[in-house]
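What follows is each chain in one-letter form.
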Amino acid sequence: MLHRSRCQRLAERWSQIAQIDLGTDSDGHSTIQLDNATLRFVQEEDGRGEGLGGIDVATVDRDGVLAAARTRDCYVNDSQVALAGLRVNLVDAS
């Protein structure tokens, strides 16, 4: 039997609860497609354990978001801000 990671087991459990089939993104992460969002399950790397660690937000005004983040001491880098410990990954809107 193949070993499933904690991350994979968590994704499978969320899939069962939501009654939505698991998908896979281009990087091989398990995903659940919702009506207006995609849940992506990745291995935690910061020692916090399981839980919501980050979200991707599509933005048409990255510079404005980053400027606001800097004034509030939430700036991390040009692609991410932090809000109360949550990583907000800035993704350019298509």
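For the structure given in this document, a descriptive report is provided here.

### What to know about the nonpolar core
Counting residues in each nonpolar core, the largest one holds six residues, listed as Leu-66, Ala-69, Cys-74, Val-81, Val-88 and Leu-90. Elements supplying a minimum of two residues to this core: helix H2 (62-71) and strand E7 (86-92). When sequence neighbours within four positions are dropped, the list of residues in contact with Cys-74 reads Ala-69, Val-81, Ala-82 and Leu-83.

### With respect to the layout of surface pockets
Size it by volume and the largest pocket reaches roughly 1000 Å³. Together, 29 residues line the largest pocket, and Arg-40, Val-42, Gly-51, Gly-53 and Gly-54 are the ones closest to its centre. Within the residue set of the lining of the largest pocket, elements represented by two or more residues are helix H1 (6-18), strand E3 (38-41), strand E4 (54-59) and E7. With five residues, the single largest contributor to the lining of the largest pocket is E4.

### Some thoughts on the packing of aromatic side chains
Going through the model one piece at a time under the given rule, you end up with one aromatic pair. Note that Arg-70 overlies the ring of Tyr-75, its terminal NZ or CZ placed 4.2 Å from the centroid.

### With respect to the side chain of Gln-80
For Gln-80, the position within the fold is in strand E6 (residues 80-83). Its relative accessible area of 16% is what places Gln-80 among the buried residues. A distance of 2.6 Å separates a polar atom in the side chain of Gln-80 from a polar atom in the side chain of Asn-89. Setting aside its immediate chain neighbours within four residues, Gln-80 contacts Tyr-75, Arg-87, Val-88 and Asn-89.

### Description of the sheet that holds E6
With respect to topology, four strands assemble into an open sheet ordered E4-E7-E6-E5, the strand pairing being mixed. Here the strands that pair on one side only, and so sit at the sheet edges, are E4 and strand E5 (75-77). Neighbour-to-neighbour, the strand axes of the sheet open up by a mean angle of 30 degrees, direction not taken into account. In this sheet, E7 lies alongside E6 in antiparallel orientation, the contact comprising four bridges. Bridged to Gln-80 within E7 is Asn-89. The strands touched by H2 within the sheet are E4, E5, E6 and E7, with E7 carrying the most contacts at an inclination of about 155 degrees.

### Quick word on the pattern of salt bridges
Overall, the coordinates contain three salt bridges when judged by the stated rule. Residue Asp-56 is joined to Arg-40 by a salt bridge in which the shortest nitrogen-to-oxygen separation is 3.0 Å. Placement of Asp-56 in strand E4 and of Arg-40 in strand E3 is noted, with a sequence separation of 16 residues between them. Residue class for Arg-40 comes out partly exposed when judged on its relative accessible area of 42%. Among the ionic pairs, Arg-62 bridges to Asp-92, the shortest N-O distance being 3.0 Å. Of this pair, Arg-62 sits in helix H2 while Asp-92 sits in strand E7, placing them 30 residues apart in sequence.

Thresholds applied
- Residues numbered from 1 in each chain as written.
- Predicted model: local features only at pLDDT ≥ 70, side-chain atom pairs only at ≥ 80, totals over all residues.
- Heavy atoms only, no water.
- Core = buried A, V, L, I, M, F, W, Y, C linked by side-chain atoms within 4.5 Å.
- Buried < 20%, exposed > 50% of the residue type's maximum accessible area, 1.4 Å probe, protein only.
- Helix = DSSP H or I, 4+ residues; strand = E, 2+ residues; numbered from the N terminus.
- Contact = heavy atoms within 4.5 Å.
- 1 Å grid on protein atoms, 1.4 Å probe; cavity = no way out; pocket = protein on both sides within 12 Å on 5 of 7 lines; lining within 4 Å.
- Points joined across faces, edges and corners; volume = space filled by probe spheres on them.
- Phe/Tyr/Trp six-rings, centres within 6.5 Å; stacked < 30°, edge-to-face > 60°.
- Lys NZ or Arg CZ within 6 Å of the ring centre and 35° of its normal.
- Polar contact = N/O pair within 3.5 Å; in protein donor to acceptor, adjacent residues only side chain to side chain.
- Pairing = 2+ DSSP bridges.
- Axes fitted to C-alpha atoms, helices over the stretch in contact; angles between N-to-C directions.
- Salt bridge = Lys/Arg side-chain N within 4 Å of Asp/Glu carboxyl O.

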